Amino acid sequence: MPTSDIILFLHPTLGVLGMMAAVWVLVETANASDANEGRIRAAAWTVAGCVVGSYLLGGYWYVNYYYAEKAAILKGPWTFAHTFFMESKEHVFFGLLVLALLLPIVARQRLAAVRSAKVMTMVVAVLVIGNALAMEGAGAIINHGAKVAFQHGVN
Amino acid sequence: MTTHTIDRIYSRDSATTLSSAAAGWSVAAAITLVFNAILTIVKDASAPLHDFMQSLLGHHWITHGIVILIAFVVLGWALSKSEGVHKLSDATLIGSLVAAAVINGAAIALWFLFV
């Protein structure tokens, strides 16, 4: 398998793992106690690590390999896969990156004792989940945009 | 109404109970999210800015990402030490972050939908 394909598959894989870790943060925080503070912080750092990894791998692929796929998409019937979904995804992603980096910071508080800290951590986790779902969906549409272009004989 | 009562109300409704780091970095995140939406739209609308960012690090998207990360870190570092942030209420801090996340997603999506 070419390195570019491995990078391409690792990008959404890390995104999904980060999203699952954000769900983990959400559930643990909803039941925050002195006993699970360590797990919440570990899960929050997992979110940040996965999203940063997804950013670096996805960014490397985007900068070095996407131009060929972009050219095919723009010659095919699903041009919006690039003009709307990729253009939006590549820029909204920075918001997800910031939120993922914020999560370990807000999760460092005494979540069992301070209600606002608990609410803030849950809100950031929900925002990460929502943004990550949007990224995954947009990625699937971009991929399909290239697929239908190739099905229509675009080289 | 006694001074004690006023202090209790002010404390409950205005001053955040979040930690310095959480309050400062959440405001930094909110500002950075809105800044990201503005930079995205201005960069897409302005060829000179797009080309300038392209020339800095070889690709406009790389430069954009570095600018966003620097903005977040600098603002977070500064605001977590700011006393002004601690005067904001919990609702303001949480609400502004949610609003900024919605603005980031909606503004960028609407821009590329209609341009």
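Scroll up a little and you will see the structure.
Residues numbered from 1 in each chain as written. Chains lettered and ligands numbered in written order. Predicted model: local features only at pLDDT ≥ 70, side-chain atom pairs only at ≥ 80, totals over all residues. Heavy atoms only, no water.

**Some words on the nonpolar core**
Core analysis: the largest hydrophobic core is formed by 67 residues, its most contacted members being Val25, Val47, Leu102, Leu103, Met120 and Val124 of chain A together with Leu97 of chain B. A per-element tally of this core places helix α4 (residues 80–106) of chain A first, with 15 residues. For Leu102 of chain A, the contacting residues outside a window of four places in its chain are Val124 of chain A together with Trp25, Ser26, Ala29, Phe72 and Leu97 of chain B. (Core = buried A, V, L, I, M, F, W, Y, C linked by side-chain atoms within 4.5 Å. Buried < 20%, exposed > 50% of the residue type's maximum accessible area, 1.4 Å probe, protein only. Helix = DSSP H or I, 4+ residues; strand = E, 2+ residues; numbered from the N terminus. Contact = heavy atoms within 4.5 Å.)

**Here we look at helix α1 (residues 3–30) of chain A**
Residues and elements named next belong to chain A. The end-to-end C-alpha separation of α1 is 40 Å, in line with the 40 Å expected for 28 residues at 1.5 Å each. Of all the residues in α1, the buried ones are Ser4, Ile7, His11, Gly15, Gly18, Met19, Ala21, Ala22, Val25, Glu28 and Thr29. Contact partners of the buried residues in α1: α2 (37–64), α4 and α5 (115–151). (Expected span 1.5 Å × (residues − 1).)

**Some details on the layout of surface pockets**
Residue and element names in this part refer to chain A. Empty space within the largest pocket amounts to approximately 540 Å³. Forming the boundary of the largest pocket are 26 residues, of which Leu8, His11, Pro12, Lys89 and Gly139 lie nearest the centre. Only α1, α2, α4 and α5 provide two or more residues apiece to the lining of the largest pocket. Residues that form the lining of the largest pocket fall into these classes: 15 nonpolar, seven polar and four charged. (1 Å grid on protein atoms, 1.4 Å probe; cavity = no way out; pocket = protein on both sides within 12 Å on 5 of 7 lines; lining within 4 Å. Points joined across faces, edges and corners; volume = space filled by probe spheres on them. Nonpolar A, V, L, I, M, F, W, Y, C, P; charged D, E, K, R; others polar.)

**Thoughts on the packing of aromatic side chains**
Overall, the coordinates contain twelve aromatic pairs over all chains when judged by the stated rule. Ring geometry for Trp78 of chain A versus Phe80 of chain A: centroids 5.1 Å apart, planes at 35 degrees, classification tilted. An aromatic cluster of at least three residues, connected via ring pairs, comprises Tyr55, Trp61, Tyr62, Tyr66, Phe93 and Phe94 of chain A together with Trp61 of chain B. (Phe/Tyr/Trp six-rings, centres within 6.5 Å; stacked < 30°, edge-to-face > 60°.)

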